[in-house]
Amino acid sequence: MFSFLVALPLFSQVTGDYRSKATGNWNSPSTWQFFNGTSWVNATSYPGQNSNVATVTIGSDNEVTLNTNITTYTVNQLIIGDESGGKDTLSLPDNGNFTVTILLVAVQSDGILTWVKNADLHLPHGAMIYNNGGKITTNSNCNASQNIFIGDSKFSNCNGKGGSDYSFNEIEGALPPPSSNGDITECEENPIQTLTASATPPSGAYVVWYTASSGGASVSPTLNTVGNVTYYGESVDNSDSNRRSLFRTPVKLTIHPRPIITVTRSPSCNLFFTNYSLEVTVSSGTVTSTAGTVTNTSGNVWNIANVPSGTNIVVTVTDTNSCTNQLPVTAPNCNCPFVNDPSSGGDQSYCAGDPVPSITASVNFGETVDWYDSASGGNLLLLGNTTYQPAGSETYYAEARNTISNCISGTRTAITVIQNAPSSVSINADETVFVGGNAIFTITSTNADSYQWQVSTDGGTVFNNISDGTEYAGTQSTALTVKTAGVNKNGYRYRVLASKFGSSCSPTTSASALLTVNVATVITNRRISHRVFINKLGSL
């Protein structure tokens with residue numbers, strides 16, 4: 001990661017930072033000063049000896065010789081050069097072999113990283129080295145015994161692909177990786193949002209994204225489902241697409257699920273009709289309310305009591321990811337008879353292109369259901385019917401109403417209609433084998449995770465399911481093997497039914513593929529009769 005200019009906080013410090021005050025060895029406290037939170041003081045230990053360190057800076061025209069391992073504690077960044085115009089140097093001594101837990105090494109414009117002779121510097125996997133206009137130099141033009149290791153990857157002065165991953169010159173000639181614009185973490189929205197990874201390329205370049213730190217095909221760096229994914233950005237030269245960064249910059253996208261909150265005991269008035277209470281159950285998290293007293297009764301069950309009569313409230317659950325979900329509650333009319341929430345007839349699903357199914361809710365005698373498009377307020381969709389015919393996939397809300405008093409339930413019951421996408425499947429090719437050989441049929445599918453292969457022995461008129469055994473393997477997978485095919489299977493046709501578990505869509509049937517079984521050699525022991533024609537003159 002050489003030749004990459006980055007902005008580093010060289011002149012801001014935090015408690016525990018170190019800077020050089022003299023030329024000397026790394027493991028000598030007299031080489032260093034320590035920032036105690038107020039001022040720089042003489043160090044009593046060297047960086048990484050007794051604690052983790054945010055930043056170590058080599059400056060003031062000092063040369064520090066690395067002569068010790070740093071493995072117990074971590075140095076976040078080592079900055080060689082303080083931008084004051086001197087020659088600030090980190091030197092690796094002859095025959096040194098040092099392992100240091102330093103996550104970033106930056107060689108500034110007045111910095112030098114140098115080798116006295118032969119030495120290896122070992123950094124942890126994922127560490128980075130930037131050359132910000134300084135020098136990375138050795139004592140000779142070519143020496144493959146002067147190396148930097150980042151994890152298992154090796155970088156030497158000149159050896160390059162001849163025996164290591166890259167030479168210093170190869171790294172310096174490559175583009176720097178893009179600079180991450182930051183990981184993105186959000187809570188799930190409704191409808192769910194799309195997150196897009198971003199990074200800033202060096203001047204004259206653009207960013208290409210991958211799902212791995214090396215290799216693979218380029219992708220669009222987005223996330224629109226609950227979960228997380230890490231994308232890796234690679235710099236590509238605008239004028240020469242073969243000139244790229246050797247390393248990729250990771251950016252992580254995360255969408256946390258929102259906690260679920262439901263009313264498990266409807267709002268009910270007290271004996272004096274002065275306040276009301278209810279109970280909610282959440283998937284996880286802590287519950288608060290805009291009014292009343294909230295108590296965690298057990299596990300994820302919460303009681304909200306002492307809510308003043310006639311006061312509508314909003315109940316909020318907040319989980320450990322700081323994701324929230326809100327449930328508006330309409331105050332019950334304490335002058336009304338109590339009205340229970342409707343009982344859901346169940347969520348419904350349908351396949352795209354099929355009719356949208358109706359949804360139902362049941363209520364007590366003398367009550368009916370009004371349908372809305374939100375948990376509170378919103379638009380009235382249908383008045384006074386326990387069955388509703390929705391227009392499409394959405395969550396709908398059933399509210400119970402007493403047909404005499406017009407008193408309503410304290411909350412509405414959510415019922416969701418989901419549209420499923422059908423599976424698609426295509427069979428890849430016909431197969432030809434010799435007698436006794438194995439024929440393998442494969443398919444390509446989308447939105448499918450269940451498969452059933454079928455065979456037709458009459459040229460494709462009637463197909464029957466097949467199962468694994470002596471004749472077949474993989475009958476419920478994406479690859480079917482016809483074992484030791486006999487000549488009797490010549491002309492058989494095969495197809496697959498593909499479906500998605502839990503989907504309301506019927507299985508999708510692929511086209512069929514033909515199996516041709518050829519005979520390699522015909523051998524017979526039957527006697528061969530020769531016919532000889534003799535003419536009337538007795539000659540052959």
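Residues numbered from 1 in each chain as written. Predicted model: local features only at pLDDT ≥ 70, side-chain atom pairs only at ≥ 80, totals over all residues. Heavy atoms only, no water.

### Some thoughts on the packing of aromatic side chains
Inclusion rule: Stacked, edge-to-face and tilted are the three classes for Phe, Tyr and Trp ring pairs, Trp counted by its six-membered ring, which pair at centre distances within 6.5 Å; planes under 30 degrees apart are stacked, over 60 edge-to-face, the rest tilted. Per-residue accessibility, obtained with a 1.4 Å probe over protein chains only, is compared with the maximum for each type, and a residue is labelled buried under 20%, exposed over 50%, and partly exposed between these values. Should the NZ of a Lys or the CZ of an Arg lie within 6 Å of a ring centre and within 35 degrees of the ring normal, that charge is described as sitting over the ring.
If you walk through the whole model with that rule in mind, you get 8 aromatic pairs. Taking 5.5 Å as the distance between ring centres and 55 degrees as the angle between the ring planes, the aromatic pair formed by tyrosine 388 and tyrosine 396 counts as tilted. Residue tyrosine 388 is classed as buried on the basis of its relative accessible area, which comes to 11%. Taken together through their ring pairs, the aromatic side chains of Tyr18, Trp26, Trp32 and Phe34 make up a single cluster. The ring of tyrosine 210 carries arginine 248 above its face, with NZ or CZ at 3.6 Å from the centroid. Above the ring of tyrosine 372, the side-chain terminus of arginine 412 is found at 3.6 Å from the ring centroid.

### Here we look at the sheet that holds strand β22 (residues 205-210)
Strand pairing in a sheet is mediated by backbone hydrogen bonds. Such pairs are either parallel or antiparallel. We count it as follows: Pairing between two strands is assigned when DSSP locates at least 2 bridges connecting them. Secondary structure elements are defined from DSSP: runs of H or I of at least 4 residues count as helices, runs of E of at least 2 residues count as strands, and each element is numbered from the N terminus. Whenever a helix is involved, its axis is fitted only over the stretch in contact; in every case the axis is a line through C-alpha atoms, and angles between N-to-C directions fall within 0 to 180 degrees.
As summarised here, the arrangement of the 4 strands in space is β19-β25-β24-β22, forming an open sheet in which the pairing is mixed. Strands at the two margins of the open sheet, each flanked by one partner only, are β19 (184-187) and β22. Geometrically, the sheet is characterised by an average inter-axis angle of 25 degrees between neighbouring strands, direction not taken into account. Here 6 bridges tie β22 to strand β24 (residues 227-237), and the two strands are oriented antiparallel to one another. Bridge pairing in β24 places tyrosine 206 opposite valine 236.

### What to know about the sheet that holds strand β39 (residues 394-402)
Spatially, 5 strands are ordered β34-β40-β39-β36-β37 in an open sheet, and the strand pairing comes out mixed. Unpaired on one side and paired on the other, β34 (348-351) and β37 (380-382) mark the two borders of the sheet. Ignoring which end each strand starts from, the neighbouring axes of this sheet average 35 degrees apart. Two elements, β39 and strand β40 (residues 413-420), share 5 bridges in a ladder whose sense is antiparallel. By the bridge assignment for β40, tyrosine 396 is matched with isoleucine 415.

### Quick notes on the pattern of salt bridges
Basically, it comes down to this: Definition used for salt bridges: Asp or Glu carboxyl oxygen within 4 Å of a side-chain nitrogen of Lys or Arg.
This structure, assessed with the given rule, holds 7 salt bridges. Across the pair glutamate 399 and arginine 412 runs a salt bridge, and its minimum N-O distance is 3.0 Å. Separated by 13 residues along the polypeptide, glutamate 399 in strand β39 and arginine 412 in the loop between β39 and β40 bring together distant segments of the chain. We note that glutamate 399, like arginine 412, is buried. Salt bridges here are not isolated pairs; linked through shared partners, they connect Glu234, Arg244 and Arg248.

### Some thoughts on unusual backbone geometry
Between asparagine 190 and the following residue, proline 191, the backbone shows a cis peptide bond with an omega angle of 0 degrees. Take proline 191: it is sitting in the loop between β19 and β20 (195-196). We note that aspartate 61 has phi near 65 degrees; this positive angle belongs to a residue other than glycine. Tracing the backbone through its elements, the reader meets aspartate 61 in the loop between β5 (53-58) and β6 (63-65). The phi angle at threonine 484 is positive, at roughly 35 degrees, despite the residue not being glycine. Here threonine 484 shows up in the loop between β47 (479-482) and β48 (493-499). For threonine 484, a relative accessible area of 53% translates into the label exposed.

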